[in-house]
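Inside the fold
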Amino acid sequence: MALVAAGLLLALTASPASAADERGPSRQRDGGFSIRVQQTPEMVPIDIGYLREEVRGPQPASRLDIEPENAGIAGAEMGIKENNAGGRFVGHLYALDVETASSPEDAVAALEKLYESGHNYIVVDASATTLLKLSDWAKDKDVLLFNIRAEDVSLRQQDCRANIMHVVPDRYMLADALAQYLVKMDWTDWLVVHGSTDADIAYRDAVERAAERFGGNIVASANMSTCRAGAGMGSAPSRPRSRTRKRTSAAASSRARITM
C-alpha cells in the first residue's frame with residue numbers, strides 16, 4: 001500500500017510538468033479576448049480572351065455615331081480592373097488578352113490560339129457569321145463565348161447555340177423598347193428613314209413589327225440614300241400603316257422621326 005501511495009503521489013506531481021512540456025508555453029492570458037483572422041485565399045488566375053473582328057463597315061449617318069478605335073476593349077479593361085478590386089477577396093485574379101481578326105477564318109485561328117493558351121471565356125466582338133463559325137469550332141470544347149456585337153434576331157431563334165451567351169440585345173428588343181417609349185410619350189405617328197444595308201433593312205422590319213405590337217403608326221418610310229439624292233421623302237415610300245384612333249383634338253397627333 002505504501003508503494004502504491006508513493007506511485008500515485010509521484011504521478012500527480014509529475015503530470016502537470018510533463019503536460020506543460022508537451023503543450024509548450026500557455027497561450028492563455030488574463031482578461032481580453034481573441035480574434036481568429038481568416039487567411040487570404042490563394043489567388044486563382046482567370047484569363048479572359050477578347051476577340052475583335054476588324055471589318056470596314058458603312059459610314060455612319062452622323063459624326064456622333066463614329067466609334068472610337070478601342071470601343072469595347074476599353075470597357076472590358078475597365079471591367080477587369082473593377083473585378084480585380086473585389087476579386088482578391090474570393091481568390092480570383094482576372095486578366096484580359098485581346099486578339100484581332102479581319103475575316104471569319106482569322107477569327108477561328110485567333111480563338112484556337114486563345115484556347116490553347118488557357119482561355120475558356122471569350123468575349124466576341126464580331127458579326128453573326130463569324131460568331132457562328134466560332135461556335136461551331138468550340139462546340140466540343142470547354143469554351144463559353146459572349147456575344148457583344150451581333151444583333152441578329154436569328155441568334156436567339158433558329159441559330160441559338162448552347163455555348164453562346166448574348167450580352168447585346170437583338171433588333172427586336174431594341175425596336176420594342178423604342179416603340180414603347182414613343183407610344184408612352186404619345187408620339188404615335190412615325191416617319192422611318194433607313195439605310196440600304198442588310199442590317200438597316202432588318203432594323204426597319206423590326207420597327208414595323210414593333211409598331212404593330214405597341215400601336216405605332218408608320219405614316220411613311222424612305223431610304224436614306226434616296227433622300228440624300230434629293231428625290232424627297234415620298235419618292236420611294238413603303239406602304240404606310242395607318243390605323244383609326246380616337247383623338248380629342250388635332251393637337252393629340254404627335255409625330256416622331258426614326259432614323260436608322
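Described in the following lines is the structure provided in the data block. For clarity, every value in this text was computed on a predicted model and none was experimentally measured. (Residues numbered from 1 in each chain as written. Predicted model: local features only at pLDDT ≥ 70, side-chain atom pairs only at ≥ 80, totals over all residues. Heavy atoms only, no water.)

1. Some words on the packing of helix 3 (residues 104-116) against helix 4 (residues 128-137)
Here helix 3 crosses helix 4 at 40 degrees, and the two axes come no closer than 9 Å. Comparing the axis directions of helix 3 and helix 4 gives the class oblique. As helix 3 packs across helix 4, the resulting crossing turns out to be right-handed. Contact residues: helix 3 offers Pro104, Ala107, Val108, Leu111, Glu112 and Tyr115, while helix 4 offers Thr130, Lys133, Leu134 and Trp137. When the residues that make up the contact of helix 3 with helix 4 are grouped by side-chain class, the tally is seven nonpolar, one polar and two charged. (Axes fitted to C-alpha atoms, helices over the stretch in contact; angles between N-to-C directions. Helix = DSSP H or I, 4+ residues; strand = E, 2+ residues; numbered from the N terminus. Parallel < 35°, antiparallel > 145°, perpendicular 65-115°, else oblique. Left-handed = near helix turned anticlockwise from the far one by under 90°. Contact = heavy atoms within 4.5 Å. Nonpolar A, V, L, I, M, F, W, Y, C, P; charged D, E, K, R; others polar.)

2. With respect to the packing of aromatic side chains
Enumeration according to the criterion identifies two aromatic pairs in this entry. Residues tyrosine 115 and tryptophan 137 carry aromatic rings whose centres are separated by 5.9 Å and whose planes lie at 80 degrees to one another, so their mutual orientation is edge-to-face. With tyrosine 115 in helix 3 and tryptophan 137 in helix 4, this residue pair connects regions lying 22 residues apart in the sequence. Under the relative-accessibility criterion, tyrosine 115 is labelled partly exposed at 28%. Plain terms: the ring middles of tyrosine 181 and tryptophan 187 are 6.0 Å apart, the flat faces sit at 80 degrees to each other, and that makes the pair edge-to-face. A cation sits over an aromatic face here: arginine 209 above tyrosine 172, 3.9 Å from the ring centre. (Phe/Tyr/Trp six-rings, centres within 6.5 Å; stacked < 30°, edge-to-face > 60°. Buried < 20%, exposed > 50% of the residue type's maximum accessible area, 1.4 Å probe, protein only. Lys NZ or Arg CZ within 6 Å of the ring centre and 35° of its normal.)

3. Regarding the sheet that holds strand 2 (residues 92-101)
Pairing in this open sheet of five strands is parallel, and the strands run 2-1-3-4-5 from one edge to the other. Two strands bound the open sheet, and with one partner strand each, they are strand 2 and strand 5 (164-166). Sheet twist, expressed as the mean angle between neighbouring strand axes with direction ignored, is 25 degrees. Relative to strand 4 (residues 144-147), strand 3 (residues 121-125) runs parallel, the two sharing four bridges. What sits directly across from valine 124, in strand 4, is asparagine 147. (Pairing = 2+ DSSP bridges.)

4. Some points on the nonpolar core
Grouped together as the largest cluster of nonpolar side chains are 20 residues, with contacts concentrated most on Leu51, Leu111, Ile122, Val124, Leu134 and Leu145. Those elements that provide at least two residues to this core are helix 3, strand 3 and helix 4. Sorting elements by how many residues they give to this core places helix 3 first, with five residues. Core analysis: the second largest hydrophobic core is formed by 11 residues, Val192, Tyr203, Ala206 and Ile218 among them. (Core = buried A, V, L, I, M, F, W, Y, C linked by side-chain atoms within 4.5 Å.)

5. Re a nonpolar patch on the surface
There is a patch of nonpolar side chains on the surface, built from Tyr181, Met185 and Trp187 and spanning about 290 Å² of accessible area. Following the sequence through the fold, tyrosine 181 ends up in helix 5 (residues 171-184). (Patch = residues over 30% accessible without salt bridge, like charges linked within 9 Å, V, L, I, M, F, W, Y side chains within 5 Å. Areas by Shrake-Rupley, 256 points an atom, 1.4 Å probe, with all protein chains shown as cover. Salt bridge = Lys/Arg side-chain N within 4 Å of Asp/Glu carboxyl O.)

6. A short note on helix 5
Three or four residues apart is the spacing at which side chains of an α-helix point the same way, because the helix has 3.6 residues per turn. Helix length check: helix 5 (14 residues) gives 20 Å between terminal C-alpha atoms against 20 Å at 1.5 Å per residue, within 8%. Turning to helix 5, its buried residues are Arg171, Ala175, Asp176, Ala179 and Leu182. Projected onto a plane normal to the axis of helix 5, the buried residues spread over an arc of 130 degrees and lie on a single side. Capping the start of helix 5 is the job of one residue whose side-chain oxygen sits 3.1 Å from the backbone nitrogen of tyrosine 172: aspartate 170. (Expected span 1.5 Å × (residues − 1). Arc of directions from axis to C-beta. Polar contact = N/O pair within 3.5 Å; in protein donor to acceptor, adjacent residues only side chain to side chain.)

7. Regarding the side chain of arginine 52
Topologically, arginine 52 is positioned in strand 1 (residues 44-53). Salt bridges are absent for the buried arginine 52, whose nearest opposite-charge side chain, aspartate 125, sits at 4.0 Å. Sequence-distant contacts of arginine 52, that is, excluding residues within four places in its chain, are made with Pro68, Glu69, Asn70, Ala71, Ile73, Glu99, Thr100, Ala101 and Asp125. (Lys, Arg positive; Asp, Glu negative; His and termini not counted.)

8. A look at the pairing of strand 4
Side-chain direction in a regular strand flips from residue to residue, so the side chains alternate between the two faces of the sheet. Alternating positions in strand 4 separate cleanly, Leu145 and Asn147 being buried on one face and Leu144 and Phe146 remaining unburied on the opposite face. Crossover connection from strand 3 via helix 4 to parallel strand 4: handedness right-handed. Sheet analysis places strand 4 next to strand 5, joined by three bridges and oriented parallel. Along strand 5, the bridge assignment pairs phenylalanine 146 with methionine 165. (Right-handed = clockwise from strand over helix to strand, strands pointing away.)

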